[in-house]
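Observations on the model geometry
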Amino acid sequence: MRKFFFLLSTLLVFPILMGMGMNGSNVKHNIPTPDKNFSATIVDSQGVTSNVTQISFDGKTYLTGQRGNTTVTIPFDKISSVQIGKLAEDKKVSAFITLKIGGTLNITVDGNLPCYGSADFGNVQIEFKDIKKVDIHGIVPKETQ
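Residues numbered from 1 in each chain as written. Predicted model: local features only at pLDDT ≥ 70, side-chain atom pairs only at ≥ 80, totals over all residues. Heavy atoms only, no water.

Some thoughts on the packing of aromatic side chains
Considering all chains together, one arrives at three aromatic pairs under this definition. Ring plane angle 80 degrees and centroid distance 5.5 Å describe the contact between Phe38 and Phe76, whose orientation is recorded as edge-to-face. Pair noted here: Phe38 is in strand E1 (residues 38-44) and Phe76 is in the loop between strand E4 (70-75) and strand E5 (79-87), with a separation of 38 residues, a long-range link. Owing to a relative accessible area of 0%, Phe76 belongs among the buried residues under this scheme. Judged by centre distance (5.5 Å) and plane angle (70 degrees), the rings of Phe57 and Phe128 are edge-to-face. One end of the pair, Phe57, is in strand E2 (residues 49-57); the other, Phe128, is in the loop between strand E9 (122-127) and strand E10 (131-139), and 71 residues separate them in sequence. Each of the two residues, Phe57 as well as Phe128, counts as buried. (Phe/Tyr/Trp six-rings, centres within 6.5 Å; stacked < 30°, edge-to-face > 60°. Helix = DSSP H or I, 4+ residues; strand = E, 2+ residues; numbered from the N terminus. Buried < 20%, exposed > 50% of the residue type's maximum accessible area, 1.4 Å probe, protein only.)

This is the structure in structure tokens:
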């Protein structure tokens, strides 16, 4: 009888465990489709450069963070580039934003914020804390999409 229960429990639990993605990968095969298709160049903390379209932070085409006690939201069409600082103990990172109208802005962003994009070789996913720099080029014209 014990063998029967062991076999039954193994047959029930094995498919569940296999569906949990035991390979340890968190990379999504599909990325969120943002409301606008911006192109950008992402440089990660190891210096690897990826040219992407459909860039987004958690599926959104703006960057939200803290500026002192104030929450700010900056749309991509106002951002020229973002330089990312070091990860702090509270999992936050500094983002030094160069604005297209001139000037800079310093905000604090959640280091675990996911960044997505579509490259010629496939989809890209990276956490904000692992980025060194993002240059936002602008909206991709519809005829080239």
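Examining the pairing of E4
In the sheet, strand E3 (residues 62-67) pairs with E4 via six bridges, with the strands oriented antiparallel. Paired with Thr64 across the strands is Thr73, a residue of E4. Between the antiparallel neighbours E3 and E4 lie two residues, among them Gly68 with a positive phi of about 70 degrees. (Pairing = 2+ DSSP bridges.)

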